[in-house]
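Architecture and fold: a report
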Amino acid sequence: DWRVRYANSRLLDSAGFSREEIAGRSLWDVFPYLASTTAGPVLRKAMLERRPVHAEYYAQPRQEWFEVDAFPSNGGLTLFSRSTT
C-alpha cells in the first residue's frame, strides 16, 4: 500500500520533512506530484512485475530533474533517487 517505512536523512533534509511526518504515510501522499511524472507508472510497474526499474523525471515543485532506481522485494519497494539537475 505504498507506505513509507524508512527515509534517510538526506531525503528528509532536502524535502523538508521529519521522519515522524512521513513514516507510515503513503508515498503518493508525501510526494503527490510524483504520480504525474514519468516515474509514477514506472514505480507501479516495478511492483506489479516484481522487477527492478529505472526512471528519470522532472519534479515540478522543486524544478529539478531526478533519476530513480527501484528494487522490489517481499517487504516492498526500495527507492534510490538522485538529483541530476
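Before reading further, recall that the structure is shown in the block above.
Procedures and definitions
- Residues numbered from 1 in each chain as written.
- Predicted model: local features only at pLDDT ≥ 70, side-chain atom pairs only at ≥ 80, totals over all residues.
- Heavy atoms only, no water.
- Helix = DSSP H or I, 4+ residues; strand = E, 2+ residues; numbered from the N terminus.
- Contact = heavy atoms within 4.5 Å.
- Polar contact = N/O pair within 3.5 Å; in protein donor to acceptor, adjacent residues only side chain to side chain.
- Buried < 20%, exposed > 50% of the residue type's maximum accessible area, 1.4 Å probe, protein only.
- Core = buried A, V, L, I, M, F, W, Y, C linked by side-chain atoms within 4.5 Å.
- Salt bridge = Lys/Arg side-chain N within 4 Å of Asp/Glu carboxyl O.

**Some words on the environment of glutamate 64**
- As for its position among the elements, glutamate 64 is in strand β2 (residues 64-73).
- Once the C-alpha coordinates of glutamate 64 and threonine 84 are considered, the two residues, 20 residues apart in sequence, prove to be 7.4 Å apart.
- Sequence-distant contacts of glutamate 64, defined by excluding residues within four places in its chain, comprise Tyr57, Tyr58, Ala59, Ser83 and Thr85.
- A polar contact of 2.7 Å, which involves the side chain of glutamate 64, links it to the side chain of serine 83.

**Comments concerning unusual backbone geometry**
- Even without a glycine there, the phi angle at tryptophan 2 is positive, about 65 degrees.
- In this fold, tryptophan 2 is placed in the segment before α1 (9-15).
- Exposure remark for tryptophan 2: the relative accessible area of 26% places this residue in the partly exposed category.

**A closer look at the nonpolar core**
- Counting residues in each nonpolar core, the largest one holds 19 residues, and the members touching the most others are Ile22, Leu27, Leu34, Ala39, Leu43, Tyr57 and Val68.
- Contributing elements (two or more residues each) for this core: α3 (27-30), α4 (39-49), β1 (53-59) and β2.
- For this core, the leading source of residues is β1, giving four residues.
- If sequence neighbours within four positions are ignored, leucine 27 has contacts with Trp2, Val4, Leu34, Leu43 and Leu79.

**Concerning the pattern of salt bridges**
- Scanning the model with the defined rule gives five salt bridges in all.
- The partner of aspartate 1 in a salt bridge is arginine 3, and the shortest N-O contact between them spans 3.4 Å.
- Among the residues examined, aspartate 1 registers a relative accessible area of 73% and is labelled exposed.
- For the salt bridge of glutamate 64 with arginine 62, the shortest nitrogen-to-oxygen distance reads 2.9 Å.
- What makes arginine 62 partly exposed here is its relative accessible area of 31%.
- Through salt bridges with shared partners, a single ionic network connects Glu67, Asp69 and Arg82.

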